Amino acid sequence: MEKFFELLTQMNPFDLVQVIFWGLAGAISFYFSIGNARVWTSISIGFFLIFLSQAYGINPWGHYQKLTAFHYIVGIVAIMTITHGFLEYYVFCRTFEISGNKLVVYLSTMAILIVSAGFLYINPTPSPNTIRNFKMVENAIWAILCVMNLEIIRKIYTAIKDSDISKGFIAFAVVFLCIFIWRGSELYLQVFQWDQDWQDIIAIMTEETSDIEDFMGRVAFSQEVSRYAGLLSGISVGGAFAYMYKLLK
């Protein structure tokens, strides 16, 4: 516990606020999953998993490389679960059919996470560069599936635009736009090897010098965009679930 509070005091205040907002959003989404129809379960669990994937910053065991890699895998599972949930909702809008039950969704998600943990356990400890690759893959998948979810939400809104809950999906569209900007800006920095935390690692592994000093304006701008978009995504998803819960009451 002392280690936990020590990490809290050492964190960047901006990052700490972001984790708190994602914690609030995760709590609301999990509660929303329990109190509403089966069709919302995958969506809510996915947003709850985002909080778990972000919480590594205040994890007392965060220095363990396999655990850090696992957090990025949780992030990948989160966006895949969310996307599956919105696809289910779109099918429900068109056919009014939904298969399975909440317990199956919970157990399936848990099984995927357990298998992923087992995969990391039986493999060598990831190097810092490998962990960076995990994070880069996570950001790439997020950026691609956020665009896909925006299109799915547009179709859902078109199908139910005359209903009271249609405005709630506009709120979710704002959420995914914020997340796309957040993850996309991080991915932009990683693709050009401008993520400063990894500069020394890149230099050692590739024996190349970085051109980051020639583009510090772009780097600083992208970092600020990532910070603010990450914060807005946490605020917006909490507000979206609270608003949707009010509409469904």
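Bear in mind that the values here come from a model prediction, so they are computed numbers and not experimental data. Along each chain, the written sequence defines residue order, and numbers are assigned to residues from 1. Totals for whole chains, interfaces and linings use all residues, but because this is a predicted model, local features are given only for residues with pLDDT of at least 70 and pairs of side-chain atoms are given and counted only at 80 or more. Only hydrogens and water are set aside; all other atoms, that is, all heavy atoms of the structure, feed into the side-chain values.

### Observations regarding the environment of Val91
The condition is simple: Think of it this way: any DSSP run of H or I at least four residues long counts as a helix, any run of E at least two long counts as a strand, and we number them from the N terminus. Relative accessibility under 20% of the residue-type maximum defines a buried residue, over 50% an exposed one, and the middle range a partly exposed one, all with a 1.4 Å probe and only protein chains included.
You can see Val91 is positioned in helix H4 (residues 65-95). By relative accessible area, Val91 is classed as partly exposed at 43%. Counting along the chain gives 65 residues from Val91 to Ile156, while the straight-line C-alpha distance between them is 9.0 Å.

### Observations regarding unusual backbone geometry
Phi angles above zero are rare outside glycine, and Gln193 is one such case at about 55°. Examined against the element boundaries, Gln193 turns out to sit in the loop between helix H7 (166-191) and helix H8 (199-206). We classify Gln193 as partly exposed; its relative accessible area is 29%.

### Digging into the nonpolar core
To keep things clear, this is the line we draw: Among the buried residues, those of types Ala, Val, Leu, Ile, Met, Phe, Trp, Tyr and Cys that are joined through side-chain atoms within 4.5 Å form a nonpolar core.
Residues Trp40, Phe47, Phe86, Phe169 and Phe172 are the most contacted members of the largest nonpolar core, which totals 46 residues. Put simply, the parts of the chain that give this core at least two residues each are helix H2 (13-35), helix H3 (41-54), H4, helix H5 (102-122), helix H6 (128-160), H7 and helix H9 (216-248). For this core, the leading source of residues is H4, giving 11 residues.

### Here we look at the packing of aromatic side chains
This is how the line gets drawn: Note on ring pairs: Phe, Tyr and Trp rings are taken, using the six-membered ring of Trp, and paired if centres are within 6.5 Å. Classes follow the plane angle, with under 30 degrees stacked, over 60 edge-to-face and the rest tilted. Placement of a charge over a ring requires the Lys NZ or Arg CZ to be within 6 Å of the ring centre, with the centre-to-atom vector within 35 degrees of the ring normal.
Counting across every chain of the model gives 16 aromatic pairs. A ring pair is formed by Phe47 and Phe176, whose centres lie 6.0 Å apart and whose planes are at 50°; its orientation type is tilted. Note that Phe47 is positioned in helix H3 and Phe176 in helix H7, a separation of 129 residues in sequence. Here Phe47 falls in the buried class, since its relative accessible area comes to 1%. Residue Phe176 is classed as buried on the basis of its relative accessible area, which comes to 0%. Through a chain of ring-to-ring contacts, three or more aromatic side chains come together here, namely Trp40, Phe47, Phe86, Tyr89, Phe92, Phe169, Phe172, Phe176 and Phe241. Above the face of the Trp182 ring, Arg183 is positioned so that its terminal group lies 4.5 Å from the ring centre.

### Some details on the pattern of salt bridges
Rule in force here: Salt bridges are defined as contacts in which a side-chain nitrogen from Lys or Arg sits within 4 Å of a carboxyl oxygen from Asp or Glu.
On inspection of all chains with the given rule, the structure shows four salt bridges. In this structure, the salt-bridge partner of Arg183 is Glu138, at a minimum N-O distance of 3.3 Å. Of the two residues, Arg183 is situated in helix H7 and Glu138 in helix H6; the sequence distance between them amounts to 45 residues. Like Glu138, Arg183 is buried. Among the salt bridges present, the one from Glu224 reaches Arg227, with a minimum N-O distance of 2.5 Å. With Glu224 and Arg227 both in helix H9 and three residues apart, the pair spans about one turn of that helix. Relative accessible area serves as the criterion here: at 30%, Arg227 is assigned to the partly exposed category.

### Quick word on H7
Our working definition: The length a helix should cover is 1.5 Å for every residue beyond the first.
Across its 26 residues, H7 extends 37 Å between first and last C-alpha, which sits within 8% of the 38 Å expected from 1.5 Å per residue. Within two residues after H7, Gln193 carries a phi angle of roughly 55°, on the positive side.

### Structural notes on the environment of Val191
Within the secondary structure layout, Val191 lies in helix H7. Residue Val191 is classed as partly exposed on the basis of its relative accessible area, which comes to 47%. Expressed as a C-alpha distance, the spacing of Val191 and Ala140, which sit 51 residues apart in the sequence, is 9.9 Å.

### Observations concerning the confidence of the model for the chain
Basically, it comes down to this: Summary of the metric used: pLDDT quantifies the predictor's per-residue confidence within the range 0 to 100. In this description, contact between two residues means that some pair of their heavy atoms is separated by no more than 4.5 Å.
Looking at the chain, pLDDT values average 82 and 83% of them are 70 or higher. With pLDDT under 50 throughout, residues 1-9 is counted as low confidence; its partners more than four residues away or in other chains account for eight contacts.

### What about the side chain of Thr83?
Definition in use: Polar contact is defined as a pair of N or O atoms within 3.5 Å, subject to the rule that within protein one atom must be able to donate a hydrogen and the other to accept it, and that residues adjacent in sequence are counted only when both atoms are side-chain atoms.
Within the secondary structure, Thr83 is located in helix H4. Relative accessible area serves as the criterion here: at 5%, Thr83 is assigned to the buried category. Reaching out from Thr83, the side chain makes a polar contact with the side chain of Asn149 at a distance of 3.1 Å. Each residue touching Thr83, except ones within four places of it in the same chain, is listed here: Leu145, Met148, Asn149 and Ile152.

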